[in-house]
Amino acid sequence: MKSRRQELRMLTIDLVRHGQASFGAENYDQLSELGARQCRWLGQHYRQLGRDFERVMIGTLARHKQSLEAFEEGFGQRFERVMTDEAFNEYDFHALVRAMEAKRGNVDVRGDDPRKIFFRTLSVALIDWMSGELDDFLQPGEENWAQFEQRLGRAQNHLMQCDDERLLVISSGGLISSLLGHAMECPTPQWFQLNLQMANSAVSRMIKTRSAMRVTGFNHLPHMERSDRLDMVTFS
């Protein structure tokens, strides 16, 4: 049985989106050199604050593991209590765009920046995905919206069952924004508006009391707020 002190204490959860990955490359799931630096800088920032974590949770994707490694390098130590679970993985955005194009054909998205074109297309795909309209166009093994919600529930359970006071989660924008949106009781389409605003290596924060999860911060980049780093803020 938990003591009264354990029941009253509050868990602080820092949710970090991975560093810049390899957009446009054959394998997106690798940090770029800049992405690794972003995470090292964030680790250095926490070290300077004197803030430690009792437990770390990450997804199973390469960019999650590489982000943690870079963070640890900047932080100056390795974390002993690290849980890796696919519950914290991102949805497969390439699969969603393929399914949407199979359903609708090519979407007319104007612009000459490949990143902007892709994410505008993804915005349309996410709406179709959440409504179930892509279910018949996803390939075997690709996750539909109901399955994503089940996985999100597993991630939430991991957070709610954590008995520590300071938790670091390294994941992806879609999963983090879904955790935040659910905690704020936002309509689901708004979850992914948060997703598309989230910068690489950005920190969002929640606190967990005995009965609820509360959002106290979103998309902070304290380690990037320097004149020589402002042009190194990225979103993909």
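Located above this text is the structure these notes cover.
Residues numbered from 1 in each chain as written. Predicted model: local features only at pLDDT ≥ 70, side-chain atom pairs only at ≥ 80, totals over all residues. Heavy atoms only, no water.

Caption draft 1: Quick look at helix H6 (residues 145–160). Over its 16 residues, H6 extends 22 Å from the first C-alpha to the last, a length consistent with the 22 Å expected when each residue adds 1.5 Å. Of all the residues in H6, the buried ones are Trp-145, Phe-148, Arg-151, Leu-152, Gly-153, Ala-155, Gln-156 and Leu-159. The backbone nitrogen of Ala-146 lies 3.2 Å from a side-chain oxygen of the residue at the head of H6, namely Asn-144. (Helix = DSSP H or I, 4+ residues; strand = E, 2+ residues; numbered from the N terminus. Expected span 1.5 Å × (residues − 1). Buried < 20%, exposed > 50% of the residue type's maximum accessible area, 1.4 Å probe, protein only. Polar contact = N/O pair within 3.5 Å; in protein donor to acceptor, adjacent residues only side chain to side chain.)

Caption draft 2: Layout of the pairing of strand E4 (residues 166–171). For E4, a buried count of 5 out of 6 residues is recorded, marking the element as mostly surrounded by other parts of the structure. Pairing analysis gives 4 bridges linking strand E2 (residues 55–58) to E4, with the strands arranged parallel. By the bridge assignment, Met-57 is partnered in E4 with Val-169. (Pairing = 2+ DSSP bridges.)

Caption draft 3: Local environment of the sheet that holds strand E1 (residues 11–17). Spatially, the 6 strands line up as an open sheet ordered E3-E2-E4-E1-E5-E6, and their pairing is mixed. Strand pairing shows two members of the sheet lacking a second neighbour, strand E3 (82–84) and strand E6 (213–220), which therefore form its edges. Put simply, the sheet's adjacent strands are angled 20° from each other on average, direction ignored. The pairing of strand E5 (residues 203–208) with E6 spans 5 bridges and is classified as antiparallel. Its bridge partner being in E6, Arg-205 is matched across the sheet by Gly-217. Of the strands in this sheet, E1, E4, E5 and E6 touch helix H7 (residues 173–183), which is tilted by about 145° from E1. (Axes fitted to C-alpha atoms, helices over the stretch in contact; angles between N-to-C directions. Contact = heavy atoms within 4.5 Å.)

Caption draft 4: Structural detail: the side chain of Arg-63. Relative to the helices and strands, Arg-63 resides in helix H3 (residues 62–75). A residue is classified by how much of its surface remains accessible, and Arg-63, at 5% relative accessible area, is buried.

Caption draft 5: Structural detail: the nonpolar core. Ile-13, Tyr-91, Trp-129, Leu-159, Phe-192 and Met-206 are the most contacted members of the largest nonpolar core, which totals 46 residues. Where this core is concerned, the elements lending two or more residues are E1, helix H4 (93–104), helix H5 (114–130), H6, E4, H7 and helix H8 (188–197). At 6 residues, the largest contribution of residues to this core is made by H5. When neighbours within four sequence positions are excluded, Trp-129 is seen to be in contact with Tyr-91, Leu-96, Leu-134, Leu-138, Glu-143, Asn-144, Trp-145, Phe-148 and Phe-192. (Core = buried A, V, L, I, M, F, W, Y, C linked by side-chain atoms within 4.5 Å.)

Caption draft 6: Seen up close, the pattern of salt bridges. In the structure shown here, the tally under the stated rule is 12 salt bridges. For Glu-142, the salt bridge identified is with Arg-98, shortest N-O distance 2.8 Å. Note that Glu-142 is positioned in the loop between H5 and H6 and Arg-98 in helix H4, a separation of 44 residues in sequence. A relative accessible area of 16% places Glu-142 in the buried class. Salt bridges linked by common partners bring Lys-103, Arg-104, Asp-128 and Glu-133 together as one network. (Salt bridge = Lys/Arg side-chain N within 4 Å of Asp/Glu carboxyl O.)

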